Amino acid sequence: MTIEDLPITSTVRLRMHWLIPFLACLLLAPITGWAGPLEAGVARMEITDRSAGPVNDPSFVKALVLKNGSTVAVIVTIDVVAIGEIGRIGNGFLAAVRAQLQQELGIPPANVLITASHCHSVVRADTEALTVQAVKQAWKAMVPVKVGAGTGHEDRISENRRLKMKDGSEVDMRRAYSMPRDEDVASVGPIDPQIALLRLDREDGRPLAVLYQFACHPIMNPPSKGNSADFPGFASKVIEENLGAGAIALFVQGCCGDINPVRYKEVSRPADAEPLGNLLGLSVLRALRGIETKAAGELKIHNEVIALPRGIDLERRIAAVQAQQAKLLGSLKPTNINFKTFLPLLLQQKLSPDFPSHYAQSYLHDSALDRKALSQLDADNRASVEAYLQNLQIMEQLTRLNTNLALLKKHLAQNVAAGKPTIDVEVAGLRVGDFKLVTFPGELTVQVGLNIKKAANDPHAFVAGYTNGYIYYTPTAEQRGNSGYAQEDCDSLVAPEWQKIFEAKAVEVLKGL
C-alpha cells in the first residue's frame, strides 16, 4: 500500500509526503540530547595525607557534575600521580567510585571521567570515599549555567625532556641520571603551549567553574620539599582567588609524557613549582576574559574500550641494552688516579695548560738543562685525567641504561603475565558547548596530542592523558624504537603500532561529538 492508496484527502496526503521522511530522519539520527539549559555543580575535598611527613601545599579531589535533560557527565580531577597502578590510588579505585555513584545517584559508569594531574603527592587512605563525597556535593549544588570555550597560551614553564643526539639516538632528562655531554646534543623536541579552557558561569554572570588543560609534568617540587600538588595546585589557587564567588578551578593534564617543567635539571637554586603555577594561572585568567558564555550548551559523552597491541620486542630491546652495557664495561680504562687526585689535576690543566705542574720558571730551568721530568709528568697526568673523564661518561651512560633496563624487564613480565597480545583501554569523549575533549589512560607524548588536534581541525578540540586508568608511557612509534633507551620508550607496555590506532580513534571520537 502507498500513500495514494490511503482513504484520506489530497491535502493530508500532500502533508504526509514530507512528514514521513522527516520522522524517518529523526528516528535514524544519533541521539545526542537537545541543546537545552545546562546545569552544573562543583565541589572539592582536601585529600592531603598530613601524617606522611612535611606538607608544602595541599592536594584536592575536585568534582564537576554536568546535566542537560537526561544526560549527566561527571569530571573528577585528583592531585595524584595516576588512577591506579602506581601511587596511592589502587587499581580498583575507578570501578569502586563509579559503582557507588551509579548506586546512589544513578549515574552510568561510562559517564564518569576520573583524571589525575600526575603530581607526585601522597594522599589519604580514604580518598575513594572523599571522591564520592565530592561528587555528591557537586550533584546537590547544581545550578543553571552559561558555558563558553576558548584557549590560552603559556610557553614559559615547560620544556621537552627528550634530547636528540648527534648519533641519531635520544636521551631524556630525569633526576634519576645525568645529562649527556653538551657537544653530543643536536636538538630538542617540541612543547604544546596551548591551554584548553571551559568556562562555566552562573546565570547572573558570576563564575562557577573553570576546567583548564595543559601539558607539563608536575614534578618541579622534589620530595624533599614536602607533599605537594606541584604547579597545578598553585595555578588553581591563583585562578580561584582572582575569580572569587566560590569558583573552582579544575586542572586536566594534557600530553605531557615527554614534557618537563622548564629548567627542571637546574642545580644552582632550589626547585620551586610556585612561580610556574603562578605564570600558568595568570595566563588562564588572561584568556578567560576573552571567553563569552552562552545559556544553551550541548552536553554529550562517549565512552568505548579499544584494544592496543602489547610490545612483542621487549626481549630484543633488553638484549640490546645488555649488549650496550657489556660494551661500555669493556671500554673502561685503567687509571692511576681517583677522584681525590683527579679534581686538582684537572683544575691545574685547565688553569695553566702549558705549565700545570709548577711555575714556568721550573719548566724553563729544566729545559735549559735538557731535563724532561716535568713535561713527562704532565703527559702522564693528562692521560690519566682523560681516562678518568671517559670512565665518568661511561658511568653516566651505564646509570641511564641500568635504570631503563629495569623498566623494560618490569613491563616484559607484565605483558607475559597478561596472557594476551593486547591491552584494553578506555577512550572517552566529552562535549560541553563548543568544548570537546578526548581522554586516554596513558602518558601520551606531546607529538601525539599535536597530531590529533591538527587532524581534528577544530579550535576547541583537546586531548587529555592519565584518565580512567593508567597504562604507563605511550610514546610515538619513532620514539618507541629509540636506540638511546629513554624512560618514555622503556617504561611502556605497548607496541609502536598503538599510535596509529589511537590517533585514528581519537580523531573519530572528537569529530563525532
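Parameters at a glance
- One numbering rule holds for all chains: residues counted from 1, following each sequence as written.
- For this predicted model, a pLDDT threshold of at least 70 governs which residues receive local features, and a threshold of 80 or more governs which side-chain atom pairs are given and counted, while totals over whole chains, interfaces and linings are taken from all residues.
- By convention in this description, side-chain values take in all heavy atoms of the structure and omit both hydrogens and water.
- Working definition: a disulfide is two cysteine sulfur atoms within 2.5 Å of each other.
- Think of it in three bands: with a 1.4 Å probe and only protein chains considered, a residue is buried below 20% of the maximum accessible area for its type, exposed above 50%, and partly exposed in between.
- When the centres of two rings from Phe, Tyr and Trp lie within 6.5 Å, Trp using its six-membered ring, the rings pair. Their planes under 30 degrees apart give stacked, over 60 give edge-to-face, and anything left gives tilted.
- Each helix is a run of DSSP H or I of at least 4 residues and each strand a run of E of at least 2, with the numbering of both proceeding from the N terminus.
- As a rule, the C-alpha atoms of each element are fitted with a line to give its axis, helices using only the stretch in contact, and angles between N-to-C directions run from 0 to 180 degrees.
- Should an angle lie under 35 degrees it is considered roughly parallel, over 145 roughly antiparallel, and from 65 to 115 roughly perpendicular; all remaining angles are considered oblique.
- By the definition used in this description, the sense in which the near helix is turned from the far one sets the handedness, with an anticlockwise turn below a right angle giving left-handed and a clockwise turn giving right-handed.
- In this analysis, two residues are considered to be in contact whenever any of their non-hydrogen atoms come within 4.5 Å of each other.
- Here the nonpolar group is Ala, Val, Leu, Ile, Met, Phe, Trp, Tyr, Cys and Pro; Asp, Glu, Lys and Arg are the charged ones; every other residue, Gly included, is treated as polar.
- A helix is expected to reach a length of 1.5 Å times the quantity of its residues less one.
- To be clear, the arc concerns the directions from the helix axis to the C-beta atoms.
- For this analysis, a polar contact is any N or O atom pair within 3.5 Å, provided that within protein one partner can donate a hydrogen and the other can accept it, and provided that sequence-adjacent residues contribute only side-chain to side-chain pairs.
- Like charges within 9 Å and nonpolar side chains (Val, Leu, Ile, Met, Phe, Trp, Tyr) within 5 Å are joined into patches, using only residues over 30% in relative accessible area that form no salt bridge.
- Residue-level accessible areas treat just the shown protein chains as cover; the underlying method is Shrake-Rupley with a 1.4 Å probe.
- Salt bridge, as used here: a side-chain nitrogen of Lys or Arg that lies within 4 Å of a carboxyl oxygen of Asp or Glu.
- We call two strands paired when DSSP finds no fewer than two bridges between them.

## Overview of the state of the cysteines
Counted according to the given criterion, the structure contains zero disulfides. Left without a disulfide partner, C216 is nearest to the cysteine sulfur of C256, which lies 6.9 Å away. For C216, a relative accessible area of 1% puts it in the buried group.

## With respect to the packing of aromatic side chains
What the rule picks out here adds up to ten aromatic pairs. Here a set of aromatic residues connected by ring pairs shows up, and it is made of Y212, F231 and F251.

## Section: the environment of Q137
Take Q137: it is sitting in helix α3 (residues 127-140). On the basis of relative accessibility, which here comes to 35%, the residue Q137 falls in the partly exposed class. It is 9.8 Å that separates the C-alpha atoms of Q137 and M45, two residues lying 92 residues apart in sequence.

## Let's talk about the packing of helix α4 (residues 230-243) against helix α5 (residues 274-288)
One can describe the packing of α4 onto α5 by two numbers: an axis separation of 7 Å at closest approach and a directional angle of 40 degrees. The orientation of α4 with respect to α5, classified from their angle, is oblique. Crossing geometry of α4 relative to α5 is assigned as right-handed. Listed contacts from α5 to F231, F234, A235, V238, I239, N242 and L243 of α4 are E274, L276, G277, N278, L280, G281, L282, V284, L285 and L288. Residue classes in the contact of α4 with α5 are distributed as twelve nonpolar, four polar and one charged.

## As for helix α6 (residues 314-330)
Here α6 spans 24 Å end to end across 17 residues, near enough to the 24 Å set by a 1.5 Å rise per residue. What α6 keeps buried is the set L314, R317, I318, V321, Q325 and L328. Buried residues of α6, seen end-on, are gathered within an arc of 100 degrees and therefore sit on one face of the element. Opposite the packed face of α6, turned more than 90 degrees from it, sit the exposed residues E315, R316, K327 and G330. Where α6 is buried, its residues touch α9 (373-418), α11 (477-480) and α12 (487-490).

## Digging into the side chain of N160
Following the sequence through the fold, N160 ends up in strand β6 (residues 158-160). Among the polar contacts listed, one links the side chain of N160 to the backbone nitrogen of R162, at a separation of 2.9 Å. In this structure the side chain of N160 is engaged in a polar contact, spanning 2.7 Å, whose partner is the backbone oxygen of P190. Discounting residues that sit within four places of it in the chain, N160 has contacts with M173, G189, P190, I191, D258, I259 and V446.

## A look at a nonpolar patch on the surface
Together, F339, L343, L347 and L351 line one region of the surface with nonpolar side chains, adding up to about 440 Å² of accessible area. Inspection of the secondary structure assignment puts L343 in helix α7 (residues 339-351).

## Observations regarding the environment of Q479
The residue Q479 is located in helix α11 in this model. On the basis of relative accessible area, Q479 is assigned to the buried category, the value being 9%. C-alpha of Q479 to C-alpha of L105: the two residues are 374 residues apart in sequence and 43 Å apart in space. Not counting residues within four places of it along the chain, the set of residues in contact with Q479 comprises R162, E170, D258, T445 and D489. Within polar-contact distance, the side chain of Q479 engages the side chain of T445 at 3.0 Å.

## Structural notes on the pairing of strand β2 (residues 60-68)
Of all nine residues in β2, eight are buried, a share of seventy percent or more. Two strands pair when backbone bridges link them, and strand β1 (residues 38-46) and β2 are joined in this way by eight bridges, in the antiparallel orientation. Each residue of the ladder has a partner; that of V42, found in β2, is L64. Bridge analysis of β2 against strand β3 (residues 71-78) gives eight bridges, and the strand direction is antiparallel. Of the residues in β3, the one forming a bridge with L66 is A73. In this structure, the hairpin formed by β2 and β3 is closed by a connection of two residues, where G69 is found at a positive phi of approximately 65 degrees.

## With respect to the pattern of salt bridges
For the structure shown, the criterion picks out 30 salt bridges. For D204, the salt bridge identified is with R206, shortest N-O distance 2.8 Å. Accessibility expressed as a relative area gives 41% for R206, which makes it partly exposed. Of the charged contacts in the structure, one is a salt bridge between K436 and D458, with a shortest N-O distance of 3.1 Å. Taken together, the positions of K436 in strand β16 (residues 435-439) and D458 in the loop between α10 (446-456) and β18 (461-464) put the pair 22 residues apart, joining distant regions of the chain. On the basis of relative accessibility, which here comes to 11%, the residue K436 falls in the buried class. Salt bridges sharing common partners tie together R161, R162, K164, E170, R317, E488 and D489.

## Side note on unusual backbone geometry
Positive phi, normally seen in glycine, also occurs at R263, with a value near 60 degrees. Structurally, R263 is set in the loop between β13 (259-261) and α5. For Y466, which is not glycine, the phi dihedral falls at a positive 60 degrees. By the secondary structure assignment, Y466 is in the loop between β18 and β19 (473-474). Y466 sits in the buried class, given a relative accessible area of 1%.

## A word on α9
Counted at 1.5 Å a residue, the expected span for α9 with its 46 residues is 68 Å, and the 67 Å between its end C-alpha atoms agrees. Downstream of α9 by one or two residues, G419 has phi in the positive range, about 75 degrees.

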